[in-house]
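Examination of the molecular architecture
This is what each chain is made of:
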Amino acid sequence: MTDQSLKLASEFPPADYAAWRKLAEAALNGAPFDKKLVTHLRDGFDVQPIYTADDLDGDIAQIHPSLIATNSQLAAAPNADEKTTNTGANPAATGWDIRQLHAHPSPKAVNDAILEDLESGVTSILLRFDHAARFGRGARGDDAGLGGVMVYNLDDLNHTLNGVYTNLAPIALDAGAATIPCAALLAARMAREDDISDAAPAFNFDPISTYVAEGYCPTDLTTALKQAGSFARTMAGKFPNATAITVNSTPWYNAGATDSMELAISLATGLAYFRAMVDAGMEGAKAATSITFTTAIGTDFFAGIAKLRALRLMWRRILQASGIEGCAITINAISAEQIISKVDPWVNMLRTTVTSFAAGLGGADSVVCLPYDHAIGLPDGFSRRIARNTQLILQEESNVHRVIDPAGGSWFIENLTRDLALNAWQKFQSIEDNGGIINAIENGSLVAEITDLWQKRESRLATRRDPLTGVSEFPNIDEAAVHCETPDITVLRTAAQHRATPPDVKIGNDFSDLVTAAAKGASIEQLFNALYGDPSLASRMPPLPQHRLSEAFEANRRRASAHKMETGTAPQIFLCNIGKVADHTARAMFARNFFGAGGIEAITNNGFANGHDAAIAFKQSGSKIAIICGSDTQYAEHAAEMAKSLNAAGARKIYLAGHPGDNRGAFEAAGINDFIFVGSDVIATTTTVLDHLGVK
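Reading guide: rules and limits
Residues numbered from 1 in each chain as written. Predicted model: local features only at pLDDT ≥ 70, side-chain atom pairs only at ≥ 80, totals over all residues. Heavy atoms only, no water. Helix = DSSP H or I, 4+ residues; strand = E, 2+ residues; numbered from the N terminus. Rg over C-alpha atoms; globule rule 2.2 N^0.38 Å. Buried < 20%, exposed > 50% of the residue type's maximum accessible area, 1.4 Å probe, protein only. Contact = heavy atoms within 4.5 Å. Core = buried A, V, L, I, M, F, W, Y, C linked by side-chain atoms within 4.5 Å. Salt bridge = Lys/Arg side-chain N within 4 Å of Asp/Glu carboxyl O. 1 Å grid on protein atoms, 1.4 Å probe; cavity = no way out; pocket = protein on both sides within 12 Å on 5 of 7 lines; lining within 4 Å. Points joined across faces, edges and corners; volume = space filled by probe spheres on them. Nonpolar A, V, L, I, M, F, W, Y, C, P; charged D, E, K, R; others polar. Phe/Tyr/Trp six-rings, centres within 6.5 Å; stacked < 30°, edge-to-face > 60°. Pairing = 2+ DSSP bridges. Axes fitted to C-alpha atoms, helices over the stretch in contact; angles between N-to-C directions. Expected span 1.5 Å × (residues − 1).

Re the overall build of the protein chain
Regarding its fold elements, the protein chain presents 26 helices and 17 strands. Here the C-alpha radius of gyration of the protein chain, 29 Å, is about what a compact globule of 696 residues would show, namely 26 Å. With the C-alpha coordinates aligned to their principal axes, the bounding extent of the protein chain is approximately 85 × 75 × 55 Å. Here the protein chain holds 696 residues, and the buried ones make up 55% of them. A fraction of 77% describes how many contacts in the protein chain between residues 6 or more apart in sequence connect residues 24 or more apart.

Here it is, written out as structure tokens:
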């Protein structure tokens, strides 16, 4: 093959952006280019329809840190010559760590599930403790067994991790305010193993995020920061490969934060921990390697990739400004709970595939793919298998992990990374300029900003500007319900109480004292009380509300489902279709999907030539509400007649599918009560219909 044969485009004139833009605008037939082809992100910047090499002229070095240091000279500006390329970090040989979340209340059930996962490809475990343990309590309260495994002492943990070699399968803790007592249990268990020199547990102490997510911290946040520094220093001495601190930004994301806002909060929180660790006497490089970042990944595929690349880039800036070079950042990515739906949960498999794929391409060190039934209840073996196989297929069949920074060099991804980093850096600087992350939390400004962001997101969801497949788009109101296991919490609580025989031991508040006491059988409650003492010193705030994008739709779907179970019939709306099928199909389908998003069944037909026939069919249907569907031409000729006939037939409320335009007054005079069209509030409309139908 000659060189000439490879010049596939040699016969075509060279193309440039200006020529493409001219052709694109001509194809739009006068529609605004910025409105039709430019995507306006919630973060406040735009995504263009096409990028070229010229777009890389914008330099990421516009990020200029303006930080006030305590023990480190955090004042250096970024390298002006550095681009965004190579901000990924996939280990090409082994791939990322496939991590599985376990939160079943029964230690035995969790142990069985863990062993099955580890035998089937999972490489690490995220162990979530129940609500009682997270708040330093035992099995006696009403919160025992809720939200996690019922582990209250070393014996419970041993039963949970029976047969698990922690030097081969790292254990990551999710233990809330009781992370240090739970870490003492894990340390006591690991001390019984033969070789833990290679063990790399993730203790995940994160008092700031815990305070925001759960509304509780056993001390004030300033004291908690000092404790974090001391804890990290202690763990670095005991477990050289462990990570003591995590910056978990998922509560902020699930509350409504944008990607850049989540990144800014991550940086501000990470910097607060880093300073505390240095204040505690840790060397800067060791402090940096003791911190991990836990980040939520949504279904915006490219934004997920760019977010991880931007986080790595910005954290490296902070470390460089601290005089630390070549220090890797550890990122744990998890499917955002915000994206998981309860209705049509099978679509969650697609959503979590997107999140896992984006996390892998973005260079995550570990990835948690949530099971498709995560929002419904406890996952079974099937849903856990699907979750882990999603990642295994990406690695073993798609070989995603064998390319370092596979998104690097893409003009689009590089620009998106740059814009996201610059946007997040400005927000980060604003947090720092106003006193840092703790001050932003305590004065309420950050929570207020996140709340406002969520309210704006709610509006976009309700009007379907942000569509949700299977929820607001293409809903299936006849879907079969997914049933999850419902363990007998009363039996599990009784068993846990019988297991609990806390020894009468004196416990010091040094971590070594906690480990010694844990080895002797001390409970989490005892360790917690010894460590924190006076409960009146605790800090409390309203927990940051955690949202799911589908929650408002699910509320109406629950109403409709309950009505169907009680009466045998779903709430119904009659489609008054005008004329031939070809004329009314588009708007009839629109109406069907629109009301189906609220669990309302659409009674359809092949169309009516006049109001008399439509009224007869309406009466026979038994419905109380109707919607007229047809073309604009048909509306001008028949809508008023149809409305009058439907009203005479007893319709309580009549809708029309389509924007009324200048005909609104005439339509309303004929008896049409409301209109649905692109941009209508689906939640408000379907709620009103359910109310009119008498659905409780």
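What follows continues from the structure just given.
Quick word on the nonpolar core
Judged by nonpolar contacts, the single largest core of 141 residues is most densely connected at Phe231, Ile245 and Phe511. Ranked by residue count, the leading element in this core is helix 10 (residues 259-279), at 13 residues. For Ile245, the contacting residues outside a window of four places in its chain are Phe205, Ala228, Phe231, Ala232, Tyr273, Met277, Ser290, Ile291 and Thr292.

Quick look at the pattern of salt bridges
Enumeration over the complete set of coordinates arrives at 30 salt bridges. Measuring nitrogen to oxygen at the nearest pair gives 4.0 Å for the salt bridge that ties Glu116 to Arg388. Of the two residues, Glu116 sits in helix 3 (residues 107-119) while Arg388 sits in helix 14 (residues 381-397), which places them 272 residues apart along the sequence. Under the relative-accessibility criterion, Arg388 is labelled buried at 3%. The partner of Glu262 in a salt bridge is Lys307, and the shortest N-O contact between them spans 2.5 Å. On the criterion of sequence distance, the pair formed by Glu262 in helix 10 and Lys307 in helix 12 (residues 301-321) is long-range, its members being 45 residues apart. The pair Glu262 / Lys307 is uniform in exposure class, with both members buried. Here the salt bridges share partners, and the residues they tie into one network are Glu116, Asp117, Arg384 and Arg388.

Topic: the layout of surface pockets
One simple way to see leftover space: roll a probe sized like a water molecule over the atoms. Looking at the second largest pocket, its volume works out to about 940 Å³. Looking at the second largest pocket, it is lined by 38 residues, and the ones nearest its centre are Leu41, Arg42, Asp300, Arg457 and Asp466. Broken down by secondary-structure element, the contributors of at least two residues to the lining of the second largest pocket are strand 1 (39-40), helix 12, helix 13 (347-362), helix 15 (411-433) and helix 17 (445-462). Split by residue class, the lining of the second largest pocket holds 20 nonpolar, 8 polar and 10 charged.

Focus on empty space enclosed by the protein
All told, the structure shown has 3 cavities of 30 Å³ or more when counted by the stated rule. Estimated volume of the largest cavity: approximately 70 Å³. Taken together, 13 residues line the largest cavity, and the ones lying closest to its centre are Ala177, Phe205, Pro207, Cys217 and Pro218. Of all elements in the fold, only helix 7 (207-214), strand 7 (216-217) and helix 8 (221-238) reach the threshold of two or more residues within the lining of the largest cavity. Considered class by class, the residues forming the lining of the largest cavity number 8 nonpolar, 4 polar and 1 charged. Roughly 40 Å³ of volume is contained in the second largest cavity. What lines the second largest cavity is simply Asn348, Met349, Thr352, Cys369, Leu370, Pro371, Tyr372, Ser383, Ile386, Ala387 and Thr390. When contributions to the lining of the second largest cavity are tallied by element, the ones reaching two or more residues are helix 13 and helix 14. Of all the elements, helix 14 adds the most residues to the lining of the second largest cavity, at 4 residues. Grouping the constituent residues of the lining of the second largest cavity by class yields 7 nonpolar, 4 polar and no charged.

Topic: the packing of aromatic side chains
Evaluated as defined, the whole model comprises 24 aromatic pairs. Taken together, a centroid distance of 5.1 Å and an interplanar angle of 70° make the contact between Phe302 and Phe412 edge-to-face. Taken together, the positions of Phe302 in helix 12 and Phe412 in helix 15 put the pair 110 residues apart, joining distant regions of the chain. Every member of this aromatic cluster is reached through a ring pair, and the members are Tyr51, Phe301, Phe302, Phe357 and Phe412.

A look at the sheet that holds strand 13 (residues 572-577)
Read from one edge to the other, the open sheet built from 5 strands follows the order 14-13-15-16-17, with strand pairing classed as parallel. Looking at strand neighbours, the two that pair on one side only are strand 14 (601-603) and strand 17 (674-676), the edges of this open sheet. Going from strand to strand, the sheet's axes swing by 30° on average, the running direction of each strand aside. Relative to strand 17, strand 16 (residues 653-657) runs parallel, the two sharing 3 bridges. When the sheet's bridge partners are listed, Leu656 is paired in strand 17 with Phe675. Across the sheet, helix 24 (residues 632-648) lies against strand 13, strand 15 (625-629) and strand 16, angled at about 170° from strand 15, the strand it touches most. Contacts between helix 26 (residues 682-692) and the sheet are confined to strand 15, strand 16 and strand 17, with strand 16 contributing the most and set at about 150° to the helix.

Focus on the pairing of strand 15
Extensive coverage of strand 15 is indicated by the burial of 5 of its 5 residues. Burial of the side chains of strand 15 extends over both faces: Ile625, Ile627 and Cys629 are buried on one face and Ala626 and Ile628 on the other. Here 4 bridges tie strand 13 to strand 15, and the two strands are oriented parallel to one another. From the neighbouring strand, Leu575 faces strand 15, where its bridge partner is Ile627. When strand 15 meets strand 16, the two strands line up parallel, connected through 4 bridges. For Ile628, the partnering residue across the bridge sits in strand 16 and is Leu656.

Structural notes on the environment of Leu646
Position of Leu646 relative to the elements: it lies in helix 24. C-alpha separation for the pair Leu646 and Gln320, spaced 326 residues apart in sequence, amounts to 72 Å. Once you skip the residues sitting within four places of it in the chain, Leu646 turns out to touch Cys576, Ala614, Phe618, Ala626, Ile628, Ala651 and Ile654.

Side note on helix 21 (residues 551-567)
Since there are 3.6 residues in each turn of an α-helix, residues three or four apart along the chain are aligned in direction. Taking 1.5 Å of rise per residue, the 17 residues of helix 21 would be expected to cover 24 Å, and the 24 Å separating its terminal C-alpha atoms lies within 8% of that figure. Among the residues of helix 21, those classed as buried are Phe553, Glu554, Asn556, Arg557, Arg559, Ala560 and His563. Buried residues belonging to helix 21 abut helix 17, helix 22 (581-596) and helix 26. The positive-phi residue at the C-terminal boundary of helix 21 is Gly568, with phi of around 85°.

In short, the description is geometric, and any link to function would need to be established separately.
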